[in-house]
Amino acid sequence: MNTRASRIGALIVTLCAVTCALVSCNVDLLGFFGSHSEPDGRFAESRSMPQPADVAPLANDFSFIFISDLHIEGGTHSYFHGLKDRLDGASFIVIGGDITQNGRKADVDRFIAEAGAMGVPVYATIGNHDLYSGGWDNSRAIGPSSFTVKVGNQARLVCLDTGNGTLGQAQTAWLEETLAGSAEGTVIVATHMHFFVNDCLETQQLTSPEETAALLSLYRQYGVDLALCGHLHKSEGRMIGSMRYAISPSFLDRSGDAGYLFVTCAGGVINVERRAY
């Protein structure tokens, strides 16, 4: 049996064992593997929430940090707490979801407290883990799961909710309207789910190839300059036409592989640097 077949066989056996254990423990399987909330409902609710403030006017050149997949559990995350000492001139922080491991209130509260003490604006969207076990009931305290802000006078940031692996119809229509109405010279879109997989064991990218194709078509049509994602727990990057596409490594607490992306926009050029914590 070849190596890949062995890995797939081992994965199937592991999944079966985990499923049996969960059933025997009377665990909420729907909540464990997925979400009780749907993207269109969260989008409608997000539109009624107070929206994040724009980033204050900046110099023509600016930088920010993108992190994803913190998976806060047990009400603590020393790496996120220490990030304020590693800003290196970054004007704001963008977080690409999976803030918590299971959407628990204590972990959401810890994130909100640490973000408030960061010293720069923190803009966060959610991931699939933030929705587990009815997690949106708690995660909504972070703020709208999809939103847009103006960054100084020359850039726009759009954060999308892909916690269910899809944008949904309402959010997609809003995205097109937002991109079409943007007059800024630099457009950055951040979300949780990535677009492509490179291995058969990588899962839960955007689930519809047709939706991915339509989304990339929108990005190309309206000149998105940078697409940021997480979820994969490892850093990847490529150019898609004229758009830079970058996946952040995970930001797991006390992990030797934890890292983040340091993004610099200078002279109309975007540079994305992976930094280890």
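For the structure, see preceding data.
Reading the values: the criteria
Sequence positions are assigned chain by chain, starting from 1 and proceeding in written order. In keeping with the predicted nature of the model, local features appear solely for residues at pLDDT of at least 70, side-chain atom pairs appear and are counted solely at 80 or more, and the whole-chain, interface and lining totals rest on all residues. Neither water nor hydrogens contribute to the side-chain values; these are computed over all heavy atoms in the structure. Strand pairing requires that DSSP identify at least two bridges connecting the strands. Think of it this way: any DSSP run of H or I at least four residues long counts as a helix, any run of E at least two long counts as a strand, and we number them from the N terminus. Orientation is described by axes fitted as lines to C-alpha atoms, over the contacting stretch for helices, and by angles from 0 to 180 degrees between their N-to-C directions. Between the first and last residue of a helix there are one fewer steps than residues, each counted as 1.5 Å, and that sum is the expected span. Burial here depends on accessible area, computed with a 1.4 Å probe over protein chains only, as a share of the maximum for the residue type. Under 20% is buried, over 50% is exposed, and the range in between is partly exposed. Note that the arc is defined by the directions from the helix axis to the C-beta atoms. Here a pair means two rings of Phe, Tyr or Trp (six-membered ring of Trp) with centres within 6.5 Å. Their orientation is stacked below 30 degrees between planes, edge-to-face above 60, and tilted elsewhere. Just to be clear on terms, a salt bridge is a Lys or Arg side-chain nitrogen sitting within 4 Å of an Asp or Glu carboxyl oxygen.

S.K.: Please set out the sheet that holds strand E6 (residues 186–190) residue by residue, giving values where relevant.
M.R.: Spatial ordering of the open sheet is given by E4-E5-E6-E7-E9-E8, a layout of six strands whose pairing is mixed. At either margin of the open sheet sits one strand with a lone partner, and together these are strand E4 (147–151) and strand E8 (236–240). Averaged over all adjacent pairs, the angle separating strand axes in this sheet is 15 degrees, with direction ignored. Note that strand E5 (residues 155–159) and E6 share five bridges and pair parallel. Within E6, the position partnered with Ala155 by the bridge is Thr186.

S.K.: Pulling in residues and values, what's your account of helix H5 (residues 105–116)?
M.R.: The first and last C-alpha atoms of H5 sit 16 Å apart over twelve residues, in line with the 16 Å expected at 1.5 Å per residue. Taken residue by residue, H5 has Asp107, Val108, Phe111, Glu114 and Ala115 as its buried positions. Down the axis of H5, the smallest arc covering the buried residues is 130 degrees, so these residues share one side. The outward face of H5, more than 90 degrees from its buried face, is lined by the exposed residues Lys105, Ala106 and Gly116.

S.K.: Can you tell me about the pairing of strand E9 (residues 243–247), naming the residues and giving the values?
M.R.: Taken across its five residues, E9 has four buried, putting it largely inside the fold. Where strand E7 (residues 226–229) meets E9, four bridges bridge the pair, whose relative direction is parallel. Within E9, the residue paired with Leu226 across the bridge is Arg244. As defined by bridge partners, E8 adjoins E9 across five bridges and the pair is classed as antiparallel. Within E9, the residue paired with Gly237 across the bridge is Ala246.

S.K.: Give a description of the packing of aromatic side chains that names residues and reports values.
M.R.: Using the criterion set out here, one finds 14 aromatic pairs in the structure. Between the aromatic rings of Phe195 and Tyr219, the centroid separation amounts to 6.1 Å while the plane-to-plane angle is 50 degrees, which identifies the pairing as tilted. In this pair, Phe195 sits in the loop between E6 and helix H8 (209–221) while Tyr219 sits in helix H8, placing the two residues 24 residues apart along the sequence. In this pair, the class of Phe195 matches that of Tyr219, namely buried.

S.K.: Provide a residue-level description of the pattern of salt bridges, including the pertinent values.
M.R.: Taken as a whole and judged by the stated rule, the model has eight salt bridges. The shortest N-O distance in the salt bridge between Lys105 and Asp109 comes to 2.7 Å. Of this pair, Lys105 and Asp109 both sit in helix H5, four residues apart, roughly one helical turn. Asp109 sits in the partly exposed class, given a relative accessible area of 35%. Measuring nitrogen to oxygen at the nearest pair gives 3.3 Å for the salt bridge that ties Glu273 to Arg275.

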